[in-house]
Amino acid sequence: MSITLPSNSKMLTSDFIFGVATASFQIEGATNVDNRLPSIWDTFCAIPGKVKGADNGDQACDHYHLWKEDIQLIKHLGVDAYRLSIAWPRVMDEKGEANQAGLNFYRNLLTGLKAEGLKVFVTLYHWDLPQHLENKGGWLNRETAYQFKQYADIVTKELAEWVDSWATFNEPFCAAILGYELGIHAPGLSEPEYGRQAAHHILLAHGLALPVIRKNAPTSQVGIVLNMNRSYAASEKAEDQFACLMRETLDNQFFIEPLIKGQYPQLLKTVAPHYLPTILPGDMDIIAQPMDFLGMNFYTCNHNAYDAEAMFKNVKNTEQVEYTDIGWEIAPHAFTELLVNLHKQYDLPPLYITENGAACADEIVDGEINDEQRIRYLDGHLNAVNLAMESGVDIRGYFAWSLMDNFEWAEGYSKRFGLTYVDYQTQERTIKRSGHAYRALLNSRHA
Ligand code: FCB
């Protein structure tokens, strides 16, 4: 079983970038070393019932100590680029000063990646907010946006020379809505109006940091990473169509429209004004500055029926479809549609697919992991990207999620997304069949 793209695909040309992605809290472990401060995820993991299996990030993949081996693993997969994130609580102390011990870890890692000829894509915020900032209100406090600007300044001043691409945030939707409105991610708050205010401060932080990053890293690209699912209506009924529109507006448009057009969706003004955050004069101009790229994370689609209270509710697809181990429908056609629709709606900067992948119930048998479903998933979604490009969407790269199995947030270690299997007892890494298939596709480019 292999991953194949049409031989004339633009994705097989030398300027299209293939990579693998990870995030700091999900792989690093070593939460107590080199003056790292506690993050909201350390706190959240310690609350009983919040994370499956009472798992936490104390060990994770022990990447903090195994980074040299992990660079070799990345290299071995034949990719062009590696996407990682920096842990804010490692590199900035409570007074807002640089923590050199934490910065040294990243300096070593980045120089090591560069020495192997890899392109480096860094995300500044992949959800590990320092706990001391959460104690002052976290993303509900506007001041956190200015703290983020300071953090971005420290990091880009120190590390810019090894970084090709900077993303300010990973998935503001998840950080704000899952964290402050639905309570299923750290910090675990669940007030209806909190999510949108947190989101606004995150977008503001992005905008405040942009000019700082451009100044410190004039030759790197700067952008942000959004996650999007394609929304469908459960039926042709007008009320279900409305439910779908609201889902799409609140999950997707709410995040992309301010960034590209400098406004929140107008529909909310009339239909759901309580979802509009408090905005100070000038905020929208700060948020909507031009970006060099937009990162898109895609995993699945959703189906929506009308709900009198919440406006929409999730329903299952009534057709026979396949799901991954995390219960997400496999829908590569939805990926193409989503990308083409965005391209029609917006004047987009170049896109990178910064995450895409599948959770499978992988098992090692005779030293091998035969993750046939993940290979099919990757094949389907890479071809979906190719189709979007054929329809005129400007996509410059694709990152598989993930380099290796890791801490899957509220799911703990129970869900495996890696192209590499991690034995959490021994920290042994074994490349899965999907990893070999990905490598074969990438190597075929040079054949
Ligand atoms: C995304 C996250 C990433 C990973 C995948 C499965 O929402 O950005 O860290 O957990 O989901």
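Residues numbered from 1 in each chain as written. Predicted model: local features only at pLDDT ≥ 70, side-chain atom pairs only at ≥ 80, totals over all residues. Heavy atoms only, no water.

A. Summary view of the overall build of the chain. Counting secondary structure elements, the chain contains 15 helices and 13 strands. A globule of 447 residues ought to have a C-alpha radius of gyration of about 22 Å, and the chain, at 21 Å, matches this closely. Projected onto its principal axes, the C-alpha positions of the chain cover 55 × 55 × 45 Å. Of all 447 residues assigned to the chain, the portion counted as buried reaches 61%. As displayed, the chain has an accessible area near 17200 Å², and 49% of this comes from carbon and sulfur atoms. Of the side-chain charges in the chain, 37 are positive and 57 negative, and the distance between the mean point of each set is 4 Å. (Helix = DSSP H or I, 4+ residues; strand = E, 2+ residues; numbered from the N terminus. Rg over C-alpha atoms; globule rule 2.2 N^0.38 Å. Buried < 20%, exposed > 50% of the residue type's maximum accessible area, 1.4 Å probe, protein only. Areas by Shrake-Rupley, 256 points an atom, 1.4 Å probe, with all protein chains shown as cover. Lys, Arg positive; Asp, Glu negative; His and termini not counted. Charge placed at Lys NZ, Arg CZ, Asp CG, Glu CD.)

B. The arrangement of the UniProt feature "binding site: substrate" (unreviewed entry) in the chain in detail. With numbering matched to this structure, UniProt assigns "binding site: substrate" (unreviewed entry) to Gln 26, His 126, Asn 170, Tyr 299, Trp 401, Glu 408 and Trp 409. For Asn 170, the contacting residues outside a window of four places in its chain are Arg 83, Thr 123, Tyr 125, His 126, Trp 127, Val 225, Asn 297 and Glu 355. Structurally, Glu 408 can be placed in the loop between β11 (395-401) and β12 (420-423). The buried category is assigned to Glu 408, whose relative accessible area is 11%. Leave out the neighbours within four places in its chain, and Glu 408 touches Gln 26, Ile 326, Trp 401, Lys 415 and Phe 417. (UniProt positions renumbered as here; feature names shortened; annotations may be inferred. Contact = heavy atoms within 4.5 Å.)

C. How the structure looks around the site of the ligand. Taken together, the residues surrounding the ligand are Gln 26, His 126, Trp 127, Asn 170, Glu 171, Tyr 299, Glu 355, Trp 401, Glu 408, Trp 409 and Phe 417. In this structure, an oxygen atom belonging to the ligand sits 2.8 Å away from a side-chain N or O atom of His 126. Within the side chain of Glu 355, a nitrogen or oxygen atom sits 3.0 Å from an oxygen atom of the ligand. Burial of the ligand by the protein chains amounts to 95% of its free accessible area of 300 Å². Looking at side-chain class alone, the shell around the ligand contains five nonpolar, three polar and three charged residues. (Near = heavy atom within 4 Å. Polar contact = N/O pair within 3.5 Å; in protein donor to acceptor, adjacent residues only side chain to side chain. Nonpolar A, V, L, I, M, F, W, Y, C, P; charged D, E, K, R; others polar.)

D. Focus on the sheet that holds strand β6 (residues 230-233). Spatially, β6-β8-β9 is the arrangement adopted by the three strands of the open sheet, whose pairing is mixed. With partners counted over all chains shown, the strands left at the sheet margins are β6 and β9 (311-315), one partner each. Put simply, the sheet's adjacent strands are angled 45 degrees from each other on average, direction ignored. Pairing analysis gives five bridges linking strand β8 (residues 301-307) to β9, with the strands arranged antiparallel. Looking across to β9, one finds that Tyr 306 is bridged to Phe 312. Each of β6 and β8 touches helix α13 (residues 332-345); the most contacted strand, β6, lies at about 105 degrees to it. (Pairing = 2+ DSSP bridges. Axes fitted to C-alpha atoms, helices over the stretch in contact; angles between N-to-C directions.)

E. Region of the structure containing the sheet that holds strand β5 (residues 221-227). With respect to topology, eight strands assemble into a closed barrel ordered β1-β2-β3-β4-β5-β7-β10-β11, the strand pairing being parallel. Sheet twist, expressed as the mean angle between neighbouring strand axes with direction ignored, is 25 degrees. For strand β2 (residues 81-85) and strand β3 (residues 119-125), the ladder comprises five bridges, and the chain directions are parallel. Opposite Ser 85, over in β3, you have Thr 123 as the bridge partner. Contacts between helix α5 (residues 100-115) and the sheet are confined to β2 and β3, with β2 contributing the most and set at about 170 degrees to the helix. Set on the sheet, α13 makes contact with β7 (293-297), β10 (351-355) and β11; between it and β10 the angle comes to about 145 degrees.

F. Spotlight on the packing of aromatic side chains. Evaluated as defined, the whole model comprises 37 aromatic pairs. Aromatic ring contacts, followed pair by pair, group Phe 25, Trp 41, Phe 44, Trp 127, Phe 407, Trp 409, Tyr 413 and Tyr 424 into a single cluster. A cation over a ring is seen here: Arg 196 above Phe 254, with NZ or CZ 4.6 Å from the ring centre. Taking NZ or CZ as reference, Lys 316 lies 4.3 Å from the ring centre of Tyr 323, over its face. (Phe/Tyr/Trp six-rings, centres within 6.5 Å; stacked < 30°, edge-to-face > 60°. Lys NZ or Arg CZ within 6 Å of the ring centre and 35° of its normal.)

G. Molecular detail of the pattern of salt bridges. Under the definition given, this model contains 23 salt bridges. Among the salt bridges present, the one from Arg 107 reaches Glu 158, with a minimum N-O distance of 2.6 Å. Here Glu 158 lies in helix α7 (residues 143-159) and Arg 107 lies in helix α5, a separation of 51 residues in the sequence. We classify Arg 107 as buried; its relative accessible area is 19%. (Salt bridge = Lys/Arg side-chain N within 4 Å of Asp/Glu carboxyl O.)

H. Structural detail: the packing of helix α14 (residues 372-390) against helix α15 (residues 433-444). Contact geometry of α14 with α15 gives a least axis separation of 9 Å together with a crossing angle of 35 degrees. Two secondary-structure elements touch here, α14 through Arg 374, Ile 375, Leu 378 and Leu 382 and α15 through Arg 433, Ser 434, Ala 437, Tyr 438 and Leu 441. When its residues are assigned to classes, the contact of α14 with α15 shows six nonpolar, one polar and two charged.

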